[in-house]
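Per-entry structural report
Residue-level listing of the chains:
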Amino acid sequence: MSIRTKLLTAFFLCLILAVVSIAAFQLRIARTTARAVFKEQAAGQLQRVDERIATFLDPGKMSARYLAGLDVLKNARGQLTSYTNTTSQTILLYANHNEYERKIYDEFLRIGKGNANFGLIFMGTEDGQFVQAPEKDTLGPGYDPRKRPWYQGAMAQSEDISLSSPYQSSSGAMVCSVVSKIYDTKRNILGVLSIDYSLSELTKALDSITVGSTGYIVAMDGSGQILTDRQTPANITKKAPEISPAWNSIFSTQNSVVEANLGKGDKYIVTHTIPSLGWRLAIIYDKAEVQESVDA
C-alpha cells in the first residue's frame, strides 16, 4: 500500500470517527433536550392538577370555616347529647334531639344538600357530646367522638382547618374528611367539625388526563397511599413504599424525575408535591416515548 493510499485511508477513518463522534454528541443532546421538554410539559401539567385539586377541595374548606364560625356552634358547650355512657346501641332520631341540637342539625342538612360531594357533617365536643346530619340508623354503645382518629388528628394540627387521610368507603369511593377546630365565644377550644368529602369526582377527572401518548396521572396522599392509578387500579389504597422499591422512589422524590420499571416496561416519571396537603402527584409515561421523539 502506497503512502498516498495510507494517508487517504487514515484521513477517511478520522473523518468517519469525527462524524460518528459528532452524531453521538448530537444524539446525547437530542435525548437530553427531549427529556427536558417532556419534564417541562409534565411539570406544567402537574402544576395545573395541583390547582385543580385545590379548587375541588375549596368548597369543603369554605363550608367548614362557615359552620365553625356560627354562633349556634360556638355556644354549644353543654347543649348537646353525650353517648359515652351508653351500654347498648342507640337509635338516632331527629324527634329525640333537643331544640338546640335541631338548630345545628338543620344547618348541617342545609349545607350538605348544597354540594353533591358532601356526606356526613359531624360536630363533636371536648366533653364527648356530638350532633350529626344526616343521621345514621344506629350508634354503637359508648360512642365517644374524642377517640376517633379524625378528631384526634384535627386537634394535633396547628392549622384550624385540615384534611384527613383519604379512605375507601363501603361503596368503593375514595373519601376524606375536611375537619375544622371549633372555638367558643372566648376563643377556647370547643371541639371539632367534620365534613365527609367524596373524592370520586376528583379521581375520575385525574384518570381522564393524558400527557403525550402514554402519560397518565398517579396521586398519593401523605402516607404514600395511592388514590388514583388508571393503569393499575389494583394499586389504589395500597401504600407506594410497600408495593416495590420503584414505587417507593416515586413517593420519596419531590419535584424531580425518576426512571423506573414498574412491571410494565421502563417508565419516565415526573413528580410534584402539594405542600398544603402533603400529597404527591406523578406523571408516568413510557420511556420509549422519549426515545421515539429523539428518533423522529
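Residues numbered from 1 in each chain as written. Predicted model: local features only at pLDDT ≥ 70, side-chain atom pairs only at ≥ 80, totals over all residues. Heavy atoms only, no water.

1. Some thoughts on the overall build of the protein chain
Put simply, the rule reads: Segments assigned H or I by DSSP are reported as helices when at least four residues long, segments assigned E as strands when at least two residues long, and all are numbered from the N terminus. Only protein chains enter the accessibility calculation, which uses a 1.4 Å probe; a residue whose area is less than 20% of its type maximum is buried, one above 50% is exposed, and one in between is partly exposed. Contact between two residues is taken to exist if any of their heavy atoms lie within 4.5 Å; hydrogens are not considered.
In terms of helices and strands, the protein chain carries eight helices and 15 strands. In the protein chain, buried positions account for 43% of the 296 residues. A fraction of 56% describes how many contacts in the protein chain between residues 6 or more apart in sequence connect residues 24 or more apart.

2. As for the nonpolar core
What counts is decided by this rule: We define the nonpolar core as a collection of buried residues of types Ala, Val, Leu, Ile, Met, Phe, Trp, Tyr and Cys that are connected through side-chain atoms lying within 4.5 Å of one another.
Counting residues in hydrophobic clusters, the biggest one holds 50 residues, and the most contacted among them are Ile-53, Leu-73, Ile-104, Phe-108 and Met-123. Ranked by residue count, the leading element in this core is helix α1 (residues 3-68), at ten residues. Aside from chain neighbours lying at most four places away, what touches Phe-108 is Leu-67, Leu-73, Ile-121, Phe-122, Met-123, Val-131, Gln-132, Ala-133 and Leu-193.

3. What about the pairing of strand β4 (residues 129-133)?
In regular strands, side chains alternate between the two faces of the sheet. Spelled out, the test is: A strand pair is defined by DSSP finding two or more bridges across the two strands.
The element β4 is extensively covered by neighbouring structure, given that five of its five residues are classed as buried. Alternating positions in β4 separate into two faces, Gln-129, Val-131 and Ala-133 on one and Phe-130 and Gln-132 on the other, with burial throughout. With four bridges connecting them, strand β3 (residues 118-125) and β4 associate as antiparallel partners. Across the sheet, residue Gly-124 finds its bridge partner in β4, namely Phe-130.

4. Notes on the pairing of strand β13 (residues 257-261)
Burial along β13 is one-sided: the face carrying Val-258 and Ala-260 is buried and the face carrying Val-257, Glu-259 and Asn-261 is not. Hairpin connection from β13 to strand β14 (residues 266-274): four residues lie between these consecutive antiparallel strands, with Gly-263 at a positive phi of about 95°.

5. Here we look at the packing of aromatic side chains
The criterion, for reference: The rule is short: rings of Phe, Tyr and Trp, with Trp giving its six-membered ring, pair when the centres are within 6.5 Å, and they are stacked under 30 degrees, edge-to-face over 60, tilted in between. Consider the ring centre and the ring normal. A charge sits over the ring if Lys NZ or Arg CZ is within 6 Å of that centre and within 35 degrees of that normal.
Summed over the entire model, instances satisfying the criterion amount to ten aromatic pairs. Measuring from ring centre to ring centre gives 4.8 Å for Phe-122 and Phe-130, while their planes differ by 15°; the resulting arrangement is stacked. With respect to burial, Phe-122 and Phe-130 carry one shared label: buried. Aromatic rings pair up to connect Tyr-83, Phe-122, Phe-130, Tyr-143, Trp-150 and Tyr-151 into one cluster. The ring of Phe-251 has Arg-280 lying over it, and the distance from NZ or CZ to the ring centre is 4.9 Å.

6. Some words on the side chain of Ser-162
Relative to the assigned elements, Ser-162 resides in strand β6 (residues 161-163). Among residues more than four places away in sequence, those in contact with Ser-162 are Ala-154, Gln-157, Ser-177, Val-178 and Val-179.

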